Amino acid sequence: MAKTPEQVVAEAADRTGRSPDSVLRLLQEVNREFGYVPHEAIRAVSRITGKSAAHVRGVATFYSFLSSKPRGRHIVRLCSTVSCEMKGSSEVLKALEKELGICAGNTTPDGRVTLETTSCLGLCDKSPAMLVNDVPYSGLTPETACEIVRGLR
Amino acid sequence: MPFITINIDGREHTVQEGVTVLEACKSAGIPIPALCYHPKLRLAGNCRLCVVEVEGWKTLQPACVTPITPNMVVRTDTPRVRSARRTIVDLLLASHDCDCLVCEAAGRCELQKLAYEYGLDRRSRSFIGDEDYVSMPDESSPVLRYDRSKCINCTRCIRACGEIQGKGVIAAVNRSRDVSVSGGIVEWSDSKCDGCGECIQLCPTGALSVKARIGVRDWDVRKVRTSCAYCGVGCQLEMWVHEGRLVKVDGADVVPNYGSTCVKGRFGHDFVNSAERLKTPMVRRNGMLVPASWDEAIGRIASELERIKNSHGPDSIAGLASARVSNEENYLFQKMMRAAVGTNNVDHCARLCHASTVAGLAAAFGSGAMTNSIAELEHASCILVTGSNTTETHPVIGTIIRRAVREHGAKLIVVDPRRIDLVDNATLWLRQRNGTDVAWINGMMNVIITENFHDKAFIAERTEGFDELWEVVRQFTPERVEEITTIPAGLLREAARIYATSPASSIIYSMGITQHVTGTDNVLSVANLAMITGQIGKPSSGVNPLRGQNNVQGACDVGALPNVFPGYQKVTDPAVLEKFEKAWGRDLSSRNGLTVVEIMNEIEKNGIRGLVIMGENPMVSDPNLAHVEKALQNVEFLAVMDIFMSETAAMADVVLPAASFAEKEGTFTNTERRVILLREVLPPPGEALPDWKIICRLSGALGYPMNYSSAAEIMEEIAALTPIYAGIRHSRLFSEGVQWPCPDPTHPGTRFLHKDRFSRGLGKLHPVDFIPPDELPDDQYPFILSTGRILYHYHTGTMTRRVGALNEYAPGGFMEIHPADALRLDLENGGRARVTTRRGSIETEVRVTGRVAEGSVFIPFHFVEAAANRLTNDALDPVAKIPELKVAACRVDRIGTAMGGS
């Protein structure tokens, strides 16, 4: 049976500790497990760390790598900052949008992929770059990007 | 601190070293606009509106976070500065819903003022259309509204909630242009926000506002400062009045609350406007209370009391004064009972809360009041809170305790059978079994003395009776204490060490200590603990009983007690008696009168036949209500003065309409002994009169005329007869009030007591042995029942239950029970249960919670429909005659389905 957000938080707290400093790490674990941070998890983290629910929500909504909404199984983050832009990232984006049939910021109807743009990934020397889940890809062309995304199951 | 010279706008100014540019400008009288800055809050430096030019710096500097340096040259009003500020205001306005025409904040809005100053209007805006930003306000809180489209993200509210209130409920959520302030996860009501409203008071715009529409503009209201009508903290409030109605309340920025209030103080005063207020006197005719003239009502009381006095003697009459009315009124009430009626049968509800404090601390120190000032608690290094759910019963003091912990690193030790909210902030929480306080305090002293942490010099120089104390205390090893109290021995040792070795430890206690048959013993034990460690007679260090009601301290001080005249001067002392006989021109009784519970008992035995009650509601507040009800039905004659038709007034023969706290002049004395002013904010409704005027009329009708032109004149008489009040005059109280003892009109008052010597000379250590509570659980009544208060209601609810917002927070009575017990009894959260003791039975809602220990039940006593006091035990402390409201044995039964056919 799938774990509830409360169970995930409780188990994670055994590793991270229960101090207010653990809020972010607990939320990361929740995000890893569910792909987003459900309200029940915010409540659980609040209870365990003693920080208010609004504070925990503030942390959860501040970091772009934590999501407040359910998302796809795979997250594709294409860099849209200056260097990548100059090397054609907008063409790559158009191709990805066409390939997946969604605009950036959305998830494919089958829940397979969420496409997002992101700020600089630190790969300017190999622009354009994107991050697929935790793996960086660089030197992209519209074709190579689509190929990578096509391989995601 | 040394001073340095800086140049501001071409002129030299000498200012204190270490301040910021903004503070320097402020002290030089040069205005600097700022939105995120607030003198009470830590610096945020996020609005950038306070920018100034500083010579030697290329960029503009934010004045609020820039410290001054010697010979600094600052320019605050150059074109560059003005242009930068103008741009900032323009940007703020660009995303601001400028509906000033209908905004509650118009007139006091700081953004509005700046927009006007810089000549900015909607048309000058260039960036973003309104549509993106205007959103529906969050109105889910019972008391406040948050409108994101007016929020400028200054974070004052967030800092206010965290730094001032110590709650940290609200926070900023989201990023970038989506940032907003949030109370909860989805909406405000989904949070622990308790509605204190500190955030509203500090919001510079209309983003956070009072939910109930005020309907009157800031510039149309009259603002009057007065004292709060609720608890003993004595918060100073600013009341907004318009056309004879109270429209809004703010905290006044003076001692003791410095702008803070609780939800009751800010939102709980609607009752004064209530249509249910008593407006004419009423007398009972043919079994019905019908309106009557003042003359008829007063005449009826006078003739009935005269008749009873003539046939049964003055001691067949008793009076209940009130901790809710002013010092002047309580003084006149007891004077009337003693001089006009001729009896000492005058008491009030202090009997039910701190009679044991008055008795115990008087025996130990010579004076029964809070030894320190409220403000000093913030700087105590260790605070031991026992039997006080401070954040609910004295919320602003609760806030100060939280600040002491959060901002100043104080160690907090909570000793309480319930997991009260302060446990969240506590270093240690000791959960004792109800009614075992003498045992754990003796245990702590045992540890302290055994481990040699006691203050030998203090004990030798300032106290007596140490050897006798040790004889008893030596028997209370932590292991034995663990058996009695269930507090683990190790935890007790740790607590003892922290308390004894901290530089300034303060004990805070309240009804959890006093409302026991061993109440006086408990208080003596607390005093012992403070004395053997020398933790008394110093700033931030002492024994601090928190008095429950707004004027319970004052009512005691001015003699509304059966055994003492004003200033705790004993009625049995011939010299004192002579002094008062001379002053009042009548022979007075030298026999101690009866206490509250004794009065009720005597009615049953026909010892008391006439009863006058001023502003009390024993039909809800007193223990063993079935008994009280019978007494009030049986008493020959009952007169009640009140602002509402309370449960008690409804049983009276004559009811007199009184002015509320907001409708009269006078003084209260708060829990820190501070005599504070009440002002006439509103006219009384209908024919209602201040109690002191009612007493003057009644006393005159009883053949003892009283002529006073004002409350101030009455205070002069009190001062002349009461040494601790000798220097108190109304004219001295306008700014901050004065703390007694104040022996003469030039004396500044006393911040903390017992500095070099105790009021009685040497502090007396009393050996106190442990005695179990009067009623313990058994097979028939297996649970321990305890009663108390909640944040949202006050005492018998006469006032708070007429306030919509407070009812929304807490609509009705409930019982708290532990999950394990609930499981055993098949009780569900939100279900109904019957709670029964040997004295009565009530039905109430079940709350399953770990706040109470297994085997315990807690019920708040505010709710007449589920009156906890139908259950409570009226067994008395032998010394102070305080009933054991905190411990009774009870049974709990599920109501509804399948309980053996019940």
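It should be emphasised that the depicted structure is a prediction, and the values quoted were computed from it without experimental measurement.

Thresholds, definitions, all that
- Residues numbered from 1 in each chain as written.
- Chains lettered and ligands numbered in written order.
- Predicted model: local features only at pLDDT ≥ 70, side-chain atom pairs only at ≥ 80, totals over all residues.
- Heavy atoms only, no water.
- Helix = DSSP H or I, 4+ residues; strand = E, 2+ residues; numbered from the N terminus.
- Buried < 20%, exposed > 50% of the residue type's maximum accessible area, 1.4 Å probe, protein only.
- Contact = heavy atoms within 4.5 Å.
- Areas by Shrake-Rupley, 256 points an atom, 1.4 Å probe, with all protein chains shown as cover.
- Rg over C-alpha atoms; globule rule 2.2 N^0.38 Å.
- Lys, Arg positive; Asp, Glu negative; His and termini not counted.
- Charge placed at Lys NZ, Arg CZ, Asp CG, Glu CD.
- Salt bridge = Lys/Arg side-chain N within 4 Å of Asp/Glu carboxyl O.
- Pairing = 2+ DSSP bridges.
- Axes fitted to C-alpha atoms, helices over the stretch in contact; angles between N-to-C directions.
- Domains from an automatic or database assignment.
- Buried area = accessible area lost by both parts, 1.4 Å probe.
- Polar contact = N/O pair within 3.5 Å; in protein donor to acceptor, adjacent residues only side chain to side chain.
- Nonpolar A, V, L, I, M, F, W, Y, C, P; charged D, E, K, R; others polar.
- Phe/Tyr/Trp six-rings, centres within 6.5 Å; stacked < 30°, edge-to-face > 60°.
- Lys NZ or Arg CZ within 6 Å of the ring centre and 35° of its normal.
- Parallel < 35°, antiparallel > 145°, perpendicular 65-115°, else oblique.
- Left-handed = near helix turned anticlockwise from the far one by under 90°.

Helix and strand counts for chain A come out as 7 helices and 5 strands. Sequence-ordered secondary structure for chain A, helices as α and strands as β, is α-α-α-α-β-α-α-β-β-β-β-α. For the C-alpha atoms alone, the extent of chain A along its principal axes is close to 45 × 30 × 25 Å. Residue burial in chain A is summarised as follows: out of 153 residues, 45% are buried. Sequence-distant contacts, at least 24 apart, represent 59% of the contacts inside chain A between residues at least 6 apart. Of the accessible surface of chain A, which amounts to about 8,200 Å², a share of 52% is contributed by carbon and sulfur atoms.

This next bit is on the overall build of chain B. A tally of helices and strands in chain B yields 28 helices and 37 strands. Over its C-alpha trace chain B gives a radius of gyration of 29 Å, about what one expects of a compact globule, namely 29 Å for 902 residues. With respect to the principal axes defined by its C-alpha atoms, chain B has extents near 90 × 70 × 70 Å. Per-residue burial for chain B yields a buried fraction of 64% across its 902 residues. Long-range contacts, defined as pairs at least 24 residues apart, comprise 72% of the intrachain contacts of chain B with a sequence gap of at least 6. Surface exposure of chain B reaches about 31,900 Å², of which carbon and sulfur atoms provide 51%. With 98 positive and 107 negative side-chain charges, chain B shows a spacing of 3 Å between the two charge centroids.

Turning to the pattern of salt bridges, a few remarks are in order. With the rule as written, the count across this model stands at 61 salt bridges over all chains. Two residues, A:Arg15 and A:Glu29, come together in a salt bridge whose shortest N-O distance is 2.7 Å. Of this pair, A:Arg15 sits in helix α1 (residues 5-16) while A:Glu29 is found in helix α2 (residues 23-34), placing the two residues 14 residues apart along the sequence. On the basis of relative accessible area, A:Arg15 is assigned to the exposed category, the value being 55%. Notably, a salt bridge pairs B:Asp691 with B:Lys664, separated by 3.2 Å at the nearest N-O pair. Of the two residues, B:Asp691 is situated in helix α25 (residues 691-701) and B:Lys664 in the loop between β27 (654-657) and β28 (666-669); the sequence distance between them amounts to 27 residues. Both residues of the pair, B:Asp691 and B:Lys664, count as buried.

Further remarks concern the sheet that holds β27(B). All names here are of chain B. Across the sheet, which stays open at both edges, the 7 strands sit in the order β14-β13-β27-β26-β25-β15-β16 with mixed pairing between neighbours. A single partner strand is all that each edge strand has here, and the edge strands are β14 (288-291) and β16 (346-347). Where strand β25 (residues 610-614) lies against strand β26 (residues 637-642), 5 bridges are found, and the strand directions are parallel. The residue of β26 that forms the bridge with Met-614 is Met-641. Of the strands in this sheet, β25, β26 and β27 are in contact with α25, which crosses β26 at around 145°.

All names here are of chain B. A sheet is described by the order of its strands in space; here 3 strands give the open sequence β10-β11-β12, paired in antiparallel fashion. Taken across any chain shown, the strands that pair with only one partner, and hence form the sheet edges, are β10 (222-227) and β12 (245-251). Direction aside, the axes of adjacent strands within the sheet are offset by 30° on average.

Moving on, we get to the domain arrangement of chain B. Residues and elements named next belong to chain B. Here the domain parsing of chain B yields domain 1 (3-77), domain 2 (282-353 + 551-739), domain 3 (371-545) and domain 4 (783-894). Between domain 2 and domain 3, the C-alpha centre-to-centre distance is 35 Å. Facing 7 residues of domain 2, the contacting portion of domain 3 comprises 10 residues. Buried area between domain 2 and domain 3, both sides added, is near 560 Å², and the carbon and sulfur share of it is 41%. Counting across the interface, domain 2 meets domain 3 through 0 salt bridges. Joining domain 2 to domain 3, the criterion identifies 6 residue pairs in polar contact (both at pLDDT 80 or more). The residue makeup of the side of domain 2 that touches domain 3, split by class, is 2 nonpolar, 3 polar and 2 charged.

Our focus in this paragraph is the packing of aromatic side chains. Overall, the coordinates contain 13 aromatic pairs over all chains when judged by the stated rule. Ring centres of A:Phe62 and A:Tyr63 lie 5.1 Å apart, and the angle between their planes is 85°; this geometry places the pair in the edge-to-face category. Arranged with centres 4.2 Å apart and planes meeting at 10°, the rings of B:Tyr792 and B:Tyr809 form a pair that is stacked. Here the residue B:Tyr792 occupies a position in the loop between β32 (783-788) and α27 (804-809), and B:Tyr809 occupies one in helix α27, the gap between them amounting to 17 residues. One aromatic cluster is present, built from ring pairs that chain together B:Tyr230, B:Phe271, B:Phe644, B:Phe661 and B:Tyr794. We note B:Lys248 situated over the ring of B:Trp240; from NZ or CZ to the ring centre the distance is 4.2 Å. The residue whose ring lies beneath B:Arg673 is B:Trp740, and the NZ or CZ to ring-centre distance is 6.0 Å.

Looking now at the pairing of strand β22 (residues 542-545) of chain B. All names here are of chain B. Residue alternation in β22 divides its side chains into two sets, Gly-542 and Asn-544 and Val-543 and Pro-545, and both sets are buried. Taken together, the 4 bridges between strand β21 (residues 505-509) and β22 define a ladder with parallel strand orientation. Residue pairing across strands places Ile-508 opposite Asn-544, the latter belonging to β22.

A separate point is the interface of chain A and chain B. In this assembly, 12 residues from chain A lie in contact with 14 residues from chain B. Note on chain A versus chain B: buried area summed over both sides is about 1,100 Å², and carbon and sulfur give 56% of it. By the criterion of area lost to chain B, the three top residues of chain A are A:Ala54, A:Arg57 and A:Thr61, representing 44% of everything that side buries. Viewed at the interface, chain B and chain A are joined by 1 salt bridge. A salt bridge links A:Arg43 to B:Asp190; its shortest N-O distance comes to 3.4 Å. Seen at the junction of chain A and chain B, the total is 8 residue pairs in polar contact (both at pLDDT 80 or more). Elements that contribute at least two residues to the side of chain A that touches chain B include exactly α3 (39-49) and α4 (53-62) of chain A.

To continue, consider the packing of helix α22 (residues 596-604) of chain B against helix α24 (residues 625-634) of chain B. Residues and elements named next belong to chain B. It is at 9 Å that the axes of α22 and α24 come closest, and there the two elements cross at 55°. Judged by the inter-axis angle, α22 sits oblique to α24. For the pair α22 and α24, the crossing hand works out as left-handed. Packed against α22, whose contacting residues are Met-600, Asn-601, Ile-603 and Glu-604, the element α24 presents His-627, Val-628, Lys-630, Ala-631, Leu-632 and Asn-634 at the interface. Tallied by class, residues from the contact of α22 with α24 come to 5 nonpolar, 3 polar and 2 charged.

Attention now moves to the side chain of B:Asp147. Residue and element names in this part refer to chain B. In this fold, Asp-147 is placed in the loop between β6 (144-146) and α4 (156-164). For Asp-147, the side chain forms a polar contact with the side chain of Ser-149, separated by 2.6 Å. Ignoring any residue separated from it by four or fewer positions in sequence, one finds Asp-147 in contact with Ser-135, Pro-137, Gly-206 and Ala-207.

With that out of the way, let us pick up the environment of B:Tyr331. Residues and elements named next belong to chain B. Position of Tyr-331 relative to the elements: it lies in helix α8 (residues 327-341). On the basis of relative accessible area, Tyr-331 is assigned to the buried category, the value being 0%. Considering only alpha carbons, one finds Tyr-331 and Met-715, 384 residues apart in sequence, at a separation of 8.9 Å. Other than its neighbours up to four places away in sequence, Tyr-331 contacts Val-558, Pro-566, Trp-584, Ile-714, Glu-717, Ile-718 and Leu-721.

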